[in-house]
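Residues per chain are reported as follows:
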Amino acid sequence: MTSVVLVTEELAPAAIDVLTMDFEVRTVDGTDRPALLTALQEAEAVIVRSATRIDAEALGSAPRLRVVARAGVGLDNVDIPAATARGVLVVNAPTSNIISAAEQAVALLLTTARNTASASAALKSGRWKRSLGVELFGKTVGVVGLGRIGVLVAQRMAAFGTNLIAYDPYVQPARAAQLGVRLVTLDELIRESDFISVHLPRTPETLGLIGEKELAQVKPGVRIVNAARGGLVDERALADAIADGRVAGAGLDVFETEPLTESPLFAFDTVTVTPHLGASTVEAQDKAGLAVARSVRLALRGEFVPEAVNVRAGGAVDEDVRPLLPLAEKLGRVFTAVAGGVAARVTVEVRGEVATHDVGVLGLATTKGLFTSVVAERVTYVNAPQLAADKGVVVELATSEDAGEHASLIAVRGALADGRTISVAGAGGKLVEVDGFELDLPADGVLLFFRYRDRPGVVGRIGTTLGRAGVNIAAMQVARRAAGGEALMTLTVDSSVDPDLLARVATEIGSSNSAVVDLRAD
């Protein structure tokens, strides 16, 4: 059955084209609550922008939902804890609008410096009204928040010959110096800046960051721009500061309450306001739509999504690490199958040159595989850590640059309640070891494992029993430590094998331990 992707607001046509290649795309007005809740019932993915609320009620109406995608940066309209509790991935497009947002901040700063908006409005109303502005050259521009957008603004301001200072407690002075920016305290920035541009997320700590106290200390004639998030600059206090003459002007693209059509700030000719246009460019909308379309495709395929905000190992995955994700997950599934259950403590060992990178996501992928066949709910990168915690399973990660004859290798080891220790290992997309028995089989398809005493005739019996059941053997490998001793037979077969058939084969050959694992794509 084709997965249903629900689009609740306008999305770039290019993104729709990407989605319709693989999925059934449906649309609904996300602000029509009853229609939204009804449409969510069959959706496996929902793509929203800022107007659609995906809260606990909406999530509860979507039993098949696997991913919520926000075609933009902010996620104020998505209940991330509720989504995480249900194992639903939440993704956004964190870099889609950074250039557009930076350019909007620069536009507001320039407009505020030269009174462009008020002059345009006056001339259009029939008044030839000229006013004195100020140059940027030689002025001090204070950037509050030196994140991705703040850095872009600083780079663009440098071209105007400005003196750049910034406040960001999470940026090292050496990094700021590379950008030609001097780090200062917020108080110093407030006192020294001729222009202040704010670029911070809205959090309890940043709400009202520039308020009455700060505005009382500003350099006379300062101009303030906020194109980040509403509420970071206290709007009432800013209006008072402009009225008192301490602040010469302001440019605002965001407001504490949106949409907004009335404000004391609107009374001042020296204030330029825009209705949250930071991401309102063709390019930003295309980037956001295409970014979340790609994320939805990955999520519905069960693959890792770097832009997921509620995955513990979220973020960019190194190109040397990414190809190992499917293998790590498959090894987790093989481990659980061979173990016949879940171990209390599992160690994921990552070896080889890849171990010099951040490989935490490989532990997450293995954890996902460990629980895929042992719980009723769908296991995702989101809920796998919580499932492990609920089951009392501790998953540890170990690294080593020594992978022996392999370029990179992943080994999964764990102790069971009965005292047995189980291990599986893979390299190059293959299963290379199970409990000390060396193998060389692709980690793919339906795999059967049989432990038994090495003796003549076993291969023939297995082939006969499976053949009678209509199961074709695609590949087979026998590993043993010594002739007549314990042996491990691993088979790849072309179709599913039910527990009854597995038990019949095990009985036929006197297997001490047997297992089946289906590694085919879901």
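As a starting point, this report considers the structure included with it. All chains use their own residue numbering, which begins from 1 and follows the written sequence. Per-residue local features are limited, in this predicted model, to residues with pLDDT of at least 70; the limit for side-chain atom pairs, both in listing and counting, is 80 or more; totals at the level of whole chains, interfaces and linings are taken over all residues. Note: side-chain values were computed over all heavy atoms of the structure, leaving out hydrogens and water.

Where helices and strands are cited, they refer to DSSP runs of H or I of at least four residues and of E of at least two residues respectively, numbered from the N terminus. Along the backbone of the protein there are 17 helices and 22 strands. The C-alpha atoms of the protein give 30 Å as radius of gyration, which overshoots the globular expectation for 522 residues (24 Å, by more than 25%). Over its C-alpha atoms, taken along the principal directions, the protein stretches across nearly 105 × 50 × 35 Å. The rule is simple: take the accessible area with a 1.4 Å probe, protein chains only, and divide by the maximum for that residue type; under 20% is buried, over 50% is exposed, in between is partly exposed. Expressed as a percentage of its 522 residues, the buried residues of the protein come to 50%. Note on contacts: a residue pair qualifies if any of its non-hydrogen atoms lie within 4.5 Å across the two residues. If you take every contact in the protein between residues at least 6 apart in sequence, the share linking residues at least 24 apart comes to 64%. His residues and chain termini do not enter the charge count, which takes Lys and Arg as positive and Asp and Glu as negative. A single reference atom marks each charge: NZ on Lys, CZ on Arg, CG on Asp, CD on Glu. Each charge class in the protein was averaged separately, 51 positive and 63 negative side chains, and the resulting centres sit 1 Å apart. Throughout, radius of gyration means the C-alpha value; the globule benchmark is 2.2 Å times the number of residues raised to the power 0.38.

Further remarks concern the layout of surface pockets. Regions of empty space are outlined by a rolling probe, equal in size to a water molecule, passed over the atoms. Here a cavity is any set of points on a 1 Å grid over the protein atoms alone where a 1.4 Å probe fits but cannot get out, and a pocket is any open set with protein on both sides within 12 Å along at least 5 of 7 lines; a residue lines the site when it has an atom within 4 Å of a point. Grid points are joined across faces, edges and corners, and a volume is the space filled by probe spheres set on the points. Estimates place the volume of the second largest pocket at around 760 Å³. Taken together, 30 residues make up the lining of the second largest pocket; nearest its centre are Arg301, Gly302, Glu303, Glu329 and Lys368. Each residue receives one of three labels: charged for Asp, Glu, Lys and Arg, nonpolar for Ala, Val, Leu, Ile, Met, Phe, Trp, Tyr, Cys and Pro, and polar for the others, Gly being one of them. Class assignment for the residues of the lining of the second largest pocket results in 14 nonpolar, four polar and twelve charged.

What follows covers helix α15 (residues 384-391). Of all the residues in α15, the buried ones are Ala384, Pro385, Leu387 and Ala388. All buried residues of α15 lie within an arc of 160° about the axis, which places them on one face of the element. Turned more than 90 degrees away from the buried face of α15 sit Ala389 and Asp390, all of them exposed. Here the buried face of α15 lies against α14 (360-371). Directions are taken from the helix axis to each C-beta atom, and the arc is the one they span.

Residues Ile47, Leu89, Val296, Phe335, Leu362 and Phe449 are the most contacted members of the largest nonpolar core, which totals 76 residues. With nine residues, helix α13 (residues 325-339) is the largest single contributor of residues to this core. If we skip the residues at most four places from it in the chain, Leu89 touches Arg66, Val67, Val68, Ala299, Val305, Ala308, Asn310, Val311 and Val382. Nonpolar core, defined: a set of buried Ala, Val, Leu, Ile, Met, Phe, Trp, Tyr and Cys residues in which side-chain atoms within 4.5 Å join the residues together. Membership of the second largest hydrophobic core comes to 29 residues, among which are Ile190, Ile224, Leu238 and Leu252.

For the rest of this paragraph, the subject is the packing of helix α5 (residues 98-114) against helix α7 (residues 148-158). Lines are fitted to the C-alpha atoms to define the axes, a helix being fitted only along its stretch in contact, and any angle between axes, read from their N-to-C directions, falls within 0 to 180 degrees. One way to put it is that α5 packs onto α7 with a least axis distance of 9 Å and a crossing angle of 50°. Here α7 runs oblique to α5, going by the angle between their axes. Note that α5 runs across α7; the crossing there is right-handed. When α5 is examined against α7, the residues Ile98, Ile99, Ala101, Ala102, Glu103, Ala105, Val106 and Leu109 are found in contact with a partner set consisting of Arg148, Ile149, Leu152, Val153, Arg156 and Met157. Counted by class, the contact of α5 with α7 contains eleven nonpolar, no polar and three charged residues. Put simply, angles under 35 degrees are roughly parallel, angles over 145 are roughly antiparallel, angles from 65 to 115 are roughly perpendicular, and the rest are oblique. By definition, any crossing whose near helix is turned counterclockwise from its far helix by less than a right angle is left-handed, and any crossing with a clockwise turn is right-handed.

Turning our attention to the sheet that holds strand β3 (residues 45-48). For two strands to pair, DSSP has to find at least two bridges joining them. Read across the sheet, five strands follow the order β2-β1-β3-β4-β5 without closing on themselves; strand pairing throughout is parallel. The open sheet is flanked by β2 (24-27) and β5 (89-92), the only strands paired with a single partner. When strand polarity is set aside, the average angle formed by the axes of neighbouring strands in this sheet is 20°. Where helix α1 (residues 13-20) meets the sheet, its contacts fall on β1 (4-7), β2 and β3, and the angle it forms with β2 comes to roughly 135°. Packed onto the sheet, helix α12 (residues 282-300) meets β1, β3, β4 (67-70) and β5 and runs at close to 170° relative to β4.

Moving on, we get to the sheet that holds strand β14 (residues 394-400). Strand order in the open sheet formed by six strands is β14-β13-β15-β16-β17-β18, with mixed pairing between adjacent strands. Every other strand in the sheet has two partners, leaving β14 and β18 (437-442) as the edge strands with one partner each. Geometrically, the sheet is characterised by an average inter-axis angle of 20° between neighbouring strands, direction not taken into account. Bridge count for strand β13 (residues 345-352) against strand β15 (residues 408-415) is eight bridges, and the pairing is antiparallel. Directly across from Thr347, in β15, lies its bridge partner Arg413. Sheet strands touched by α13: β13, β15, β16 (421-427) and β17 (430-434). Its angle to β16, the strand with the most contacts, is close to 150°.

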